[in-house]
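Structural characterization, general
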Protein chains: 2
Amino acid sequence: MSKKIQIGICGYGNLGKGAQKAIAKTRDMELKVIFTRRNPEEIEREAKISACKIEDMTKWKDKLDVIIMCGGSAKDLPIQVPMFAKEFNTVDSFDTHADIPEYFKTVDEKAKEGGKIAIISVGWDPGMFSINRLYGDSILPNGHTYTFWGKGVSQGHSDAIRRINGVKDARQYTIPIEEAVEKVRKGENPNLSTREKHKRECYVVPEEGANLSQIEQEIKTMPKYFADYDTEVHFITEEELKQKHLGMPHGGSVIHIGETGEKGEHKQVIEYKLALDSNPEFTSSILIAYARAAYHLNQKGEKGAKTPFHIPPIALSEKSEEEILKML
Amino acid sequence: MSKKIQIGICGYGNLGKGAQKAIAKTRDMELKVIFTRRNPEEIEREAKISACKIEDMTKWKDKLDVIIMCGGSAKDLPIQVPMFAKEFNTVDSFDTHADIPEYFKTVDEKAKEGGKIAIISVGWDPGMFSINRLYGDSILPNGHTYTFWGKGVSQGHSDAIRRINGVKDARQYTIPIEEAVEKVRKGENPNLSTREKHKRECYVVPEEGANLSQIEQEIKTMPKYFADYDTEVHFITEEELKQKHLGMPHGGSVIHIGETGEKGEHKQVIEYKLALDSNPEFTSSILIAYARAAYHLNQKGEKGAKTPFHIPPIALSEKSEEEILKML
């Protein structure tokens, strides 16, 4: 067995913790260091894993094969990745859709300068869902792609509820509307409004004495977040929230319906579906696989920014080419 | 718009005909010639498309960008692809699982000699299903993959019935057992016997005066093909077969269930599902997308044998990198 791939993790939230657990289960990777904004002493880890301040990352130059960037897309990644892409191979889950082309360009320049690879926008959406939209569109160009999300917890929507006066805590579930999914699966190519595709279910812990009907009203009419959806609001106790709603399930479907045949007489339906008990652990498992690809492709001389679209599936596997050919 | 990719099709069965229809719907490809074992005059085509004997293929050297090899895996591809891989970029749907590693090696040598690319084993299984097994196994290495096929017509099983004495025609459907699929989807990781995964439904047109119970008995006890399955046999008229069973639907699911978390406490389910009205038209649509990849990758200097595992998803698309980044 050759030397293990030396990994760093930058950021120690849900994603970083998931990455740590996932690396421990691989045979070809070794977690060397966790970079954090917190006090490094407070990081739970085995003794052989270092913990450092993010500012000290450059001291690790040439000691790490890939850094898995686990910060947020809003404030961390747009600063950190361009800063470090010249010195390290990186993998990140940047997901601010509108900013991806610009981010790609910035990171591409830095990574090429340093002869490194930066794989951006890794995860399931963007990521595995995007790959499936692309495969669908490439194979059946005469077609439509539909994406449904859920059932799952939306962090952004939960946060939006928490900002309302009188709300102590909240959890929001995005739920695809089964009738719509079925119509799509049957190849009916329906035109679906926002309201017809998903509904929203909110579990809210109110402060003592809060005005419940006002909270409910504020949620249901919140523009962008809830106003365009059928939204249910349930008030629950803090205890019930802890018992039933601390998990982070998610999932969804990408359904591509294409037509083939001279007159488009044959419907062909491709569906890619996820049902996840833990959204962050799944995302970090994907990051790990792409970290492996970043390392191997960079070893072969590839550099610059890449997306999951650019990575051949074979580069993600721990297995040898010989073993993989047998999977065909 | 740059020059269109110049395509040849070799073999004019269901797959070749599907490829012809699919190419007509692309914007970036042009079908130049169909190579056939039949009388070229009999090939239905527009006037601008040539038809030639397979033996004359080498005359087209340097006039074609990619040839889509649409012959059978048993007798055609193992001879034709090694013969032409030095002179042409090729794409094929070789699917004799056990022989793939050897075939890969033979084709690899020839293609490298000529500086060409040969993408082998393109289709949905092997092909898209294999890719999804690999993605699943790479992302969630602590997991199991299940493959279910159907509901769909199996050509091999239909042929096996037709060889029985007293059978005039027959159609066989492979049907996944829904209870098994549901168990897998729920993450129960069941151990499933052959009989528990699929059943077989046969529609048989008997010759006049044939011994029906003997035919039924012969089908149900046929080793490898039917003996290990629950098999239903229905006798029908030739007319009914023509009315209801001339289509070539197929499909199936690849379901990968993995575990994440310190103690594997979180189940993560990935499902890739196909529901196809026309099996050969779907396969040829995939071949077309990989023909595009073969051309572009060869233009960039890549050569030798490849499988769908080796091809980055972005190479399959008609769209520009800029447009594709917006799909993230």
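In this report, we go over the structure that sits alongside the text. (Residues numbered from 1 in each chain as written. Chains lettered and ligands numbered in written order. Predicted model: local features only at pLDDT ≥ 70, side-chain atom pairs only at ≥ 80, totals over all residues. Heavy atoms only, no water.)

**Comments concerning the overall build of chain A**
Applied cut-off: Each helix corresponds to a stretch of at least 4 residues labelled H or I by DSSP, and each strand to a stretch of at least 2 residues labelled E; elements are numbered beginning at the N terminus. The globule rule used for comparison is 2.2 Å times the number of residues to the exponent 0.38, while the radius of gyration itself is calculated over C-alpha atoms. When a residue's accessible area, from a 1.4 Å probe over protein chains only, is under 20% of the maximum for its type it is buried; when over 50% it is exposed; and in between it is partly exposed. Note on contacts: a residue pair is in contact if any heavy atoms of the two residues lie within 4.5 Å. All accessible-area figures derive from a Shrake-Rupley calculation using a 1.4 Å probe, and residue coverage is judged against the displayed protein chains alone.
Per the secondary structure count, chain A includes eleven helices and 14 strands. Scaling as 2.2 N^0.38, a compact globule of 328 residues should have a C-alpha radius of gyration of about 20 Å, and chain A matches this with 22 Å. Expressed along its principal axes, the backbone C-alpha trace of chain A runs to roughly 65 × 60 × 35 Å. Relative to its 328 residues, chain A shows a buried fraction of 57%. Pairs at least 24 residues apart make up 69% of the contacts formed inside chain A by residues separated by at least 6 positions. Roughly 14600 Å² of accessible area belongs to chain A as shown, and the carbon and sulfur atoms make up 46% of that amount.

**Some remarks on the interface of chain A and chain B**
Our working definition: Buried surface area refers to the total accessible area, computed with a probe of radius 1.4 Å, that the two partners give up upon joining, counted for both partners together. Only one rule defines a salt bridge in this text: a Lys or Arg side-chain nitrogen within 4 Å of an Asp or Glu carboxyl oxygen. We call two N or O atoms a polar contact when they sit within 3.5 Å, provided that within protein one can donate a hydrogen and the other can accept it, with sequence-adjacent residues counted only if both atoms are side-chain atoms.
Counting from both sides, the interface comprises 61 residues of chain A and, opposite them, 61 residues of chain B. Between chain A and chain B, roughly 5700 Å² of surface is buried when both sides are summed, and carbon and sulfur atoms account for 63% of that area. The salt bridge involving K319 of chain B is made with D137 of chain A; its shortest N-O contact spans 2.5 Å. Where chain A meets chain B, there are 28 residue pairs in polar contact (both at pLDDT 80 or more). Here the side of chain A that touches chain B gets eleven residues from one element, more than from any other, and that element is strand β13 (residues 266-276) of chain A.

**Thoughts on the pattern of salt bridges**
Residues and elements named next belong to chain A. Applying the stated criterion across every chain yields a total of 46 salt bridges over all chains. Here R133 ties to D125 by a salt bridge, and the two come within 2.6 Å at their closest N and O atoms. Overlapping salt bridges, with partners in common, bring together R27, D28, R292 and E318 in one network.

**Some details on the relation of the copies chain A and chain B**
Our working rule: A least-squares fit on C-alpha atoms brings the copies together, and the residues used are those whose pLDDT is at least 70 in both copies.
Taken as rigid bodies, chain A and chain B are interconverted by a rotation of 180° and an axial shift of 0.0 Å, the fit giving an RMSD of 0.0 Å. The superposition of one copy onto the other is thereby described by a two-fold rotation axis. In this assembly the copies share their binding face: 100% of the residues contributing to the interface of chain A also contribute to that of chain B.

**What to know about unusual backbone geometry**
Peptide bonds are mostly trans, and most non-glycine residues show a negative phi. Here D125 of chain A and P126 of chain A are connected by a cis peptide whose omega angle stands at 0°. Residue placement: P126 of chain A occurs in the loop between β6 (117-119) and α4 (128-139). Cis geometry is adopted by the peptide bond preceding K151 of chain B, which originates at G150 of chain B and carries an omega value of -5°. Positive phi values are uncommon outside glycine, yet K224 of chain A reaches one of about 70°. Tracing the chain through its elements places K224 of chain A in the loop between α8 (212-220) and β11 (230-235).

**Considering the packing of aromatic side chains**
The condition is simple: Only Phe, Tyr and Trp rings are paired, with Trp represented by its six-membered ring, and only when their centres lie within 6.5 Å; those with planes under 30 degrees apart are stacked, over 60 edge-to-face, the remainder tilted.
All told, the structure shown has ten aromatic pairs over all chains when counted by the stated rule. Considering the side-chain rings of F94 of chain A and Y103 of chain A, the 3.9 Å spacing of their centres and the 15° angle between planes classify their relative orientation as stacked. The exposure class assigned to F94 of chain A is buried, which follows from its relative accessible area of 2%. Assessed through its relative accessible area of 5%, Y103 of chain A is described here as buried. With 5.8 Å between their ring centres and 80° between their planes, Y173 of chain B and Y203 of chain B make a pair best called edge-to-face. In this pair, Y173 of chain B is assigned in strand β9 (residues 167-176) and Y203 of chain B in strand β10 (residues 198-206), connecting sequence segments 30 residues apart. Residue class for Y173 of chain B comes out buried when judged on its relative accessible area of 6%. One aromatic cluster is present, built from ring pairs that chain together W124, F129 and Y272 of chain A.

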